[in-house]
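Remarks on the overall topology
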Amino acid sequence: MLHVIDLENCNLASVLRAFDRIGVATTTVGEPARLADAKAIVLPGVGAFAASMGKLDERGFSPVLRDLVQRDGVPLLGICLGMQLLGDASEEHGIHAGLGLVPGTVKRLRPASRADKIPHVGWADAVPAKESYLFPEQTVSSFYFDHSYHFDCDDSPDIAARARFGNEEITVAIQRGHVAGVQFHPEKSQDAGLDLLSAHLHWLRGKGRL
């Protein structure tokens, strides 16, 4: 069973439906004590970095997540803002500390022309950057995005996929060992999104985590 953290900052129902469609049971978690027996965790989210990080801190999730992931090796998948929260810090409306599970900083997208709208809403191709359990076929797939900031990795080996925005190749998926994240919304990305979640679950099953 997947433990899905509910920070009341996203349409959690669509995430849960996506996992239900690929046949995996989930339980939503609103307090950190319920993560005690978690074998794999999902951290979804939309909205502002500071507000969501504040909820993680206020509810006591932050130290529990760091212990479970870093000490106990529990796999964690961040979705959209959930991926950004994995980083060291964000530059969204000031400097705000993140969970510090993947070295990097969240920075604002930089448009190259009027055609590059912020927020960036719509479909874009994600190009795998390395062998990763998120992209086992190593094929380019189109995913649905809705974001104004992106994760700038300190360590390029953590980059699992990139996409084009403006004149830059931005990181849209990360994987550092058993910690992974995607900037796009797999739950809204039709077959490509379900394929990615299925690949993640396949990897979890192989590790005896489901």
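Calculation notes
- Residues numbered from 1 in each chain as written.
- Predicted model: local features only at pLDDT ≥ 70, side-chain atom pairs only at ≥ 80, totals over all residues.
- Heavy atoms only, no water.
- Helix = DSSP H or I, 4+ residues; strand = E, 2+ residues; numbered from the N terminus.
- Rg over C-alpha atoms; globule rule 2.2 N^0.38 Å.
- Buried < 20%, exposed > 50% of the residue type's maximum accessible area, 1.4 Å probe, protein only.
- Contact = heavy atoms within 4.5 Å.
- Areas by Shrake-Rupley, 256 points an atom, 1.4 Å probe, with all protein chains shown as cover.
- Lys, Arg positive; Asp, Glu negative; His and termini not counted.
- Charge placed at Lys NZ, Arg CZ, Asp CG, Glu CD.
- Pairing = 2+ DSSP bridges.
- Axes fitted to C-alpha atoms, helices over the stretch in contact; angles between N-to-C directions.
- Parallel < 35°, antiparallel > 145°, perpendicular 65-115°, else oblique.
- Left-handed = near helix turned anticlockwise from the far one by under 90°.

1. Section: the overall build of the protein
Summing up its helical and strand segments, the protein has 5 helices and 13 strands in all. Relative to the 2.2 N^0.38 estimate, which gives 17 Å for 210 residues, the radius of gyration of the protein is 16 Å and therefore close to what a compact globule would have. Dimensions of the protein, computed from the C-alpha atoms along their principal axes, are close to 50 × 40 × 30 Å. Among the 210 residues that make up the protein, the fraction classed as buried is 53%. A separation threshold of at least 6 residues defines the contact pool for the protein, and within that pool the share at least 24 residues apart is 71%. Surface summary for the protein: the accessible area is close to 9200 Å², and the carbon and sulfur share equals 46%. Here the protein holds 21 positive side-chain charges and 26 negative ones, and the gap between their average locations is 1 Å.

2. A word on the sheet that holds strand β4 (residues 76–80)
The 9 strands lie next to each other as β2-β1-β3-β4-β13-β12-β11-β8-β9, forming an open sheet whose pairing is mixed. Two strands bound the open sheet, and with one partner strand each, they are β2 (26–29) and β9 (141–147). Taken over all neighbouring pairs, the strand axes of this sheet differ in orientation by 30° on average, direction set aside. In this structure, β4 lies alongside strand β13 (residues 179–182), joined through 4 bridges in parallel fashion. Residue L76 lies in a different strand from β13, and its bridge partner there is V179. Across the sheet, helix α5 (residues 190–206) lies against β1 (2–5), β4, β8 (120–128), β9 and β13, angled at about 95° from β9, the strand it touches most.

3. Focus on the packing of helix α1 (residues 12–21) against α5
Between α1 and α5, the least distance of the axes is 10 Å, while the angle of their chain directions is 70°. With respect to α5, the axis of α1 lies roughly perpendicular. Helix-helix and strand crossings are classified by hand; for α1 and α5 the assignment is right-handed. Seen from α1, the contacting residues are A18, F19 and R21; seen from α5, they are L194, L197 and L201.

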